[in-house]
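Survey of secondary and tertiary structure
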Amino acid sequence: MSNLNIPWEDKPLNCDDTIWRYSKNPIIERNAIKNSNSIFNSAVISYENEFVGIFRCDNKCREMNIHFGSSKDGINWKIKDKPIEFKSANSSDEEVGISSYKYDPRLCKIENRYYITWCNGYHGPTIGVGYTDDFKTFYQTENAFLPFNRNGVLFPKKINGKFAMLSRPSDNGHTQFGDIFYSESPDLIHWGKHRHVMGTTNINTSPWQSTKIGAGPVPIETKEGWLLIYHGVLTSCNGYVYHMGAAILDKETPWKVLYRSRPYLLSPQKQYECVGDVPNVVFPCATLHDKKTGKIAIYYGAADTVTCLAFSTIQDIIDFTKNNSL
Ligand code: BMA
C-alpha cells in the first residue's frame, strides 16, 4: 500500500459486532453514471496516489459490464460512463477476448501487474482474466476455466512458484450448489492441480452457508494464514439470502482450511441490502487494508443494486473466525 489513507469510520459505541457498516452507505448509488441500472459487486485497489476500481455496472438494457473508476478517498468515485475496452492479449487467436457479458470483477496486484478476474460470458459463465500495467490499456487473455464457473479470485502472490486462484464451479443458471476450489498455473493460461477447499455446510450447523459459497475479496496474507472473506447463501422460502463470512487458509497449502466462521460476519439487514433488484444480498468483492494499523475497509454489493462499505480490523476478523470456528 502507498501512503493513502483507506476509508475509515470508528466502530459505533453500541456495536458488539466484528464488522460495522459505513454510516453513509451506500457509497455508490445505482445511477452514479449515465445509463446505469445498478453499480455493485465491484473491486478496488490503491494505485499511485489514488484508489482505482473496476465496477460492475449493469445498464438500462440490463447488460452486465465492467467500468474503470478512480477516487482520492475510496468513498467518492468517478466512474467512466463507458465500459472498459479490452485489447486481446493474443490478437492472432480470434477466440481470445470473446465476452458476451462481464460481471463481479476482482482486482489483484501480483508482482508489478494488476490482474482483473470476472465472470465472463463465453458459452455460459466462466472466469475471464485480464491485466493492465497502467489502468489505461487493458488486455484480456484466456479464460481460466471451462464454463460454468464463477467467483474466480487470484491470490496476491505466487504460491510455490505458481499463480493461484480460487473459483466456484457452477451451472448456467442461478446455481443451487457450489463449493470453493483452488487451482494453480505456471503462466495464467493453463490451470490445473485443482483442489477442493471448502464446501457448503450442514443445514443444521451453519445454515447461512448451506446452499453455496464463493470466494469474495483477494485473500489477505496474515501470520495465521490467508484470510479469506467469502459469501455464503441460505435458501429461504423467498429465495436466496447472501451473507458474508470468513475463513483462514493455510499459507503454503491454501486448500487446507484452518478455521471457518460458523456465524456470519454480515447479513442483509439494512434497507439498501434488503430492497433492490435482488433482495437480501451482501456480496463482498474487495478490501483495502492498512498494514500498519490493521484497519480494513470491505467493499460489498448490496441487493445487486448499490455499492457499500463496512469496516473492521484484520485481527478482529481473525479472532472472530478462530473463536467461532466450525
Ligand atoms: C450471483 C451473481 C452475483 C449476484 C448474486 C445474487 O449468482 O449473479 O452477481 O450478486 O448472484 O443475485
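Throughout what follows, the structure given in this document is the object of discussion. Values in this document were obtained by computation on a predicted structure and should not be read as measured data.

**Points about the sheet that holds strand S4 (residues 64-71)**
Strands sit in the order S2-S3-S4-S5 across an open sheet of four strands; the sheet is antiparallel. Because the sheet does not close on itself, it has two edges, and the strands there are strand S2 (36-47) and strand S5 (78-79). With nine bridges connecting them, S2 and strand S3 (residues 50-59) associate as antiparallel partners. From the neighbouring strand, Phe 40 faces S3, where its bridge partner is Arg 56.

**With respect to the sheet that holds strand S13 (residues 180-185)**
The strand order S11-S12-S13-S14 describes an open sheet built from four strands, whose pairing is antiparallel. With partners counted over all chains shown, the strands left at the sheet margins are strand S11 (149-154) and strand S14 (192-198), one partner each. Strand-to-strand twist in this sheet, taken as the mean axis angle between neighbours without regard to direction, amounts to 30°. Relative to S14, S13 runs antiparallel, the two sharing four bridges. Following the sheet pairing, Ile 180 is matched in S14 by Met 198.

**Concerning the packing of aromatic side chains**
Counted by the stated rule, this structure contains 23 aromatic pairs. On the basis of an interplanar angle of 90° and a centroid distance of 5.4 Å, the ring pair of Tyr 47 and Tyr 114 is categorised as edge-to-face. In this pair, Tyr 47 is assigned in strand S2 and Tyr 114 in strand S8 (residues 113-121), connecting sequence segments 67 residues apart. Accessibility classification places Tyr 47 together with Tyr 114 in one group, the buried group. Clustering of aromatic rings is evident, with ring pairs tying together Tyr 47, Phe 68, Phe 86, Tyr 114, Trp 118, Phe 135 and Phe 138. The positively charged end of Arg 195 is found above the aromatic ring belonging to Trp 255, 5.5 Å away from the centroid.

**Examining unusual backbone geometry**
The omega torsion across Asn 25 and Pro 26 is -10°, close enough to zero to call that bond cis. In the segment running from Pro 147 into Phe 148, the intervening peptide bond is cis, with an omega of 5°. Tracing the chain through its elements places Phe 148 in the loop between strand S10 (138-140) and S11. Phi is positive for Asp 104, which is not a glycine, with a value near 50°. Note that Asp 104 resides in strand S7 (residues 102-110). Owing to a relative accessible area of 9%, Asp 104 belongs among the buried residues under this scheme. The backbone phi angle of Asn 280 is positive, close to 65°, even though this residue is not glycine. Along the chain, the position of Asn 280 falls in the loop between helix H1 (271-274) and strand S20 (282-289).

Cut-off values and rules
- Residues numbered from 1 in each chain as written.
- Predicted model: local features only at pLDDT ≥ 70, side-chain atom pairs only at ≥ 80, totals over all residues.
- Heavy atoms only, no water.
- Pairing = 2+ DSSP bridges.
- Helix = DSSP H or I, 4+ residues; strand = E, 2+ residues; numbered from the N terminus.
- Axes fitted to C-alpha atoms, helices over the stretch in contact; angles between N-to-C directions.
- Phe/Tyr/Trp six-rings, centres within 6.5 Å; stacked < 30°, edge-to-face > 60°.
- Buried < 20%, exposed > 50% of the residue type's maximum accessible area, 1.4 Å probe, protein only.
- Lys NZ or Arg CZ within 6 Å of the ring centre and 35° of its normal.

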